[in-house]
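Each chain is listed here by its residues.
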Amino acid sequence: MSASHILLLIGGYFLVLLLISYLTGKNDSNNDFFKAGKQSPWYLVAFGMIGTSLSGVTFISVPGWVEASEFGYMQVVFGYLAGYFVIAYVLLPIYYRLNVTSIYEYLEQRFGTVSYKTGAFFFFISRVLGASFRLFLVAIVLQKFVFDAWNVPFELTVFLSILLIWIYTFRGGIKTIVWTDTLQTLFMLLSVGLSIYFINQKLDWDFAQFLASDELKAYNQILFTDNFFARDHFIKSFLGGMFITICMTGLDQDMMQKNLTCKTLKDAQKNMVSFSLVLVVVNFAFLLLGALLFIYANTFDIAKPLMDGTPKSDLLFPEIALNSGLGITVLVTFLLGLIAAAYSSADSALTSLTTSFCVDFLRIEKRPKTDQKRLRKQIHIAMSLLLIVVIILFKYVLDRNVIDGLLTVATYTYGPLLGLFAFGIFTQYRIKDRYAWVVALVSVLLIVGLANIPSENLGGYTVGYELLPINGMLTFIGLFLIRKKD
């Protein structure tokens, strides 16, 4: 398939998204943009959240990670599952009881304005970086396999990608995204299933033979329990995954904004539990695909693609799907899955950033009614431009597997949110609110310092994703120190 045909496929896909946007964005009210009128069916939200949680990072980077860590990522996924149950039965009841638009309004009611702004600020930084990580990965794939053929610069690729997202979200917001995410999840899962099927065919295997093969045994270790000092030890990975989920979903306006569009708390909890169980199976399928990709590459002597002269395991899936002769079905479904993976997370991130900035920082509900819609649209454009700048910067500074980079950044930026919410939920103390930002900043700086201590200075211990709960604990301790004694 030529670059022109790929571009036509992308164009057709976006026409479908624009049609959905037209049908769901007719009202164009702030209530629909921020909350979808609280009328979203729970099962629709649950299915769409699969695509948002997976994103382009899981779609490409998790299969590419198998070479280095085998199936060890499942240890993190099991932690995810535990975290989703905490969200369903601890955090969601709080949000529904308070009837919030932004979940950080809880911090204002519990502690005060500074804590509220501090929480919203750390979400804002976290989501900008997280969304940029996800879209960056897909942008480099589109660049390498499509736009390089026309000598289109990477910067223009990024600009066009964000522009398309802005076009189909600027009216309907979260109401549009609930529906587009459903379509995007379907394409993503279809792509993975068909890729597994056709690669097995090429290797003269059926699925059962693949699962029983000696080749798979070289990649399929799940539990790593031998060396507690290692980064991928089970306990560290499980706890890290659990707290990453609590923070990156439960304390994240992006993910919670979808849940808060459900009619009732019970519907939102059904959505969260069903979605979390399916997500375990889906992540395992991605790891199976990753093992299959490396087996296929070794069998047919396919080298990992180069980016700036360096082999990139993240690019092996697109290389095999597009250039190894698997057929038009794999090629088309891969591209649809790739595009869906990119935009199912980026569109909701753009909407949640707009929501958070309008509600948390500009207090849009207190502005004159005549100005509210205009202000929301201006902020939507500003957030789009911000994402463009950050994604372009990543091209020059990112030097690791993208999902590893994403989870590492989460340990820095979500820790203060974890500490603030935990202190609010599990204690009755009030705090000296004006110092909340100091506590959060000091906690992050301590964690950055700890993360950069060489392992030999820690007796061979390698720090990993457990930095996130440590970060939250440091914030918790800091808040205890600034509590009001009365």
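Here we take up the packing of aromatic side chains. Summed over the entire model, instances satisfying the criterion amount to 25 aromatic pairs. A centroid spacing of 6.4 Å and a plane angle of 65° characterise the contact between Phe147 and Trp150, whose relative ring orientation is edge-to-face. Under the relative-accessibility criterion, Trp150 is labelled partly exposed at 36%. Each residue in the set Tyr95, Tyr104, Tyr106, Phe123 and Phe421 is aromatic and connected to the rest through ring pairs, giving one cluster. Lys236 extends its terminal NZ or CZ atom over the ring of Phe228, reaching a point 5.8 Å from the ring centre. When the ring centre of Tyr429 is taken as reference, the NZ or CZ atom of Arg483 above it lies at 5.6 Å.

This paragraph deals with the pattern of salt bridges. Any two side chains of opposite charge can pair, so long as their charged atoms come close to each other. Applying the stated criterion across every chain, the model contains 6 salt bridges. One salt bridge in this structure joins Asp252 and Arg127, with 2.7 Å as the shortest N-O distance. With a gap of 125 residues between them, Asp252 in the loop between helix 11 (234-250) and helix 12 (253-259) and Arg127 in helix 6 (residues 113-145) connect regions that are remote in the sequence. Per residue, the accessibility class of Asp252 equals that of Arg127, and both read buried. Arg363 is the salt-bridge partner of Glu365, the closest N and O atoms lying 3.5 Å from each other. Judged by relative accessible area, which is 17%, Arg363 ranks as buried.

Here is what the cut-offs are and how they apply
- As a convention, each chain's residues are numbered from 1 in the sequence order in which they are written.
- Only residues with pLDDT of 70 or above have their local features reported here, since the model is predicted, and side-chain atom pairs are shown and tallied only from 80 upward, although totals for entire chains, interfaces and linings are computed over all residues.
- Side-chain metrics rest on all non-hydrogen atoms present in the structure, leaving aside hydrogens and water.
- In summary, the pairing rule links any two rings of Phe, Tyr or Trp, Trp by its six-membered ring, whose centres are within 6.5 Å, and it sorts them by plane angle into stacked for under 30 degrees, edge-to-face for over 60 and tilted for everything else.
- Each residue is assigned to one of three classes by its accessible area relative to the maximum for its type, calculated with a 1.4 Å probe on protein chains only: buried under 20%, partly exposed between the two thresholds, exposed over 50%.
- Charge-over-ring contacts are defined here by two conditions on Lys NZ or Arg CZ: a distance within 6 Å of the ring centre and an angle within 35 degrees of the ring normal.
- Counted as salt bridges are all cases of a side-chain nitrogen of Lys or Arg within 4 Å of a carboxyl oxygen of Asp or Glu.
- The way it works is that DSSP assigns letters per residue, a run of H or I at least four long becomes a helix, a run of E at least two long becomes a strand, and they are numbered from the N terminus.

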